[in-house]
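Tertiary structure, described
Okay, here's what each chain looks like letter by letter:
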Amino acid sequence: MAQLPDYVTMLLDEAGEEFDPGVVKSEMERGLPKMRVGTSRVVVSVSAALLFDSAEDAGRFEDWYFNDIGRIGFFTWTDPRTGGTRTGRFKDGAIGKLVPTIAEYAQSKRSVTLEYLR
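So, here is what we can say about the structure in this document. No experiment lies behind these values; they were computed from the predicted model shown.

1. Looking at the nonpolar core
Here is a general trend for soluble globular proteins: nonpolar side chains tend to be buried in one another's company. Counting residues in hydrophobic clusters, the biggest one holds 22 residues, and the most contacted among them are Leu4, Leu50, Phe61, Trp64, Phe75, Phe90 and Leu114. Secondary structure elements with two or more residues in this core: β2 (8–19), β5 (43–52), α1 (55–68), β6 (75–78) and β9 (107–117). Broken down by element, the residue count for this core peaks at 5 residues, all from β5.

2. Overview of the packing of aromatic side chains
Tallied over the entire structure, the rule returns 10 aromatic pairs. Taking 6.2 Å as the distance between ring centres and 85° as the angle between the ring planes, the aromatic pair formed by Phe61 and Phe90 counts as edge-to-face. Remark: Phe90 occurs in strand β7 (residues 85–90) and Phe61 occurs in helix α1; sequence separation between them is 29 residues. Residue Phe61 is classed as buried on the basis of its relative accessible area, which comes to 0%. A relative accessible area of 1% means that Phe90 is categorised as buried. Aromatic rings pair up to connect Phe52, Phe61, Trp64, Tyr65, Phe66, Phe75, Trp77, Phe90 and Tyr116 into one cluster.

Rules used in this analysis
- Residues numbered from 1 in each chain as written.
- Predicted model: local features only at pLDDT ≥ 70, side-chain atom pairs only at ≥ 80, totals over all residues.
- Heavy atoms only, no water.
- Core = buried A, V, L, I, M, F, W, Y, C linked by side-chain atoms within 4.5 Å.
- Buried < 20%, exposed > 50% of the residue type's maximum accessible area, 1.4 Å probe, protein only.
- Helix = DSSP H or I, 4+ residues; strand = E, 2+ residues; numbered from the N terminus.
- Phe/Tyr/Trp six-rings, centres within 6.5 Å; stacked < 30°, edge-to-face > 60°.

Structural measurements only, silent on function.
So, in structure tokens, the structure goes:
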């Protein structure tokens with residue numbers, strides 16, 4: 001299985017995590033709606049920024065994205081919150097816009113959303 005390349009740094013300043021609880025609601029004539037668990041597993045979305053320390057690293061990442069994982073493939077990465085290894089993919093296969101943080105893309109970043117099943 002592919003893994004997020006080691007030359008990519010996940011920035012914590014843009015990190016966040018949320019999930020859809022997978023609850024099904026049934027409206028009642030009176031009172032609060034009834035709820036039940038609709039799915040045994042939920043999709044967790046992790047927002048993050050990926051930092052590239054050179055223009056070459058940004059290009060190598062694009063090669064990895066297109067050739068190794070084929071845009072929609074699964075890969076492993078280190079969860080910034082727990083320090084554990086997760087297996088997931090980019091949400092909707094999107095890797096966001098490449099934005100320079102230093103002139104001439106000497107350093108750049110992409111804002112992405114990773115998703116995995118919990």
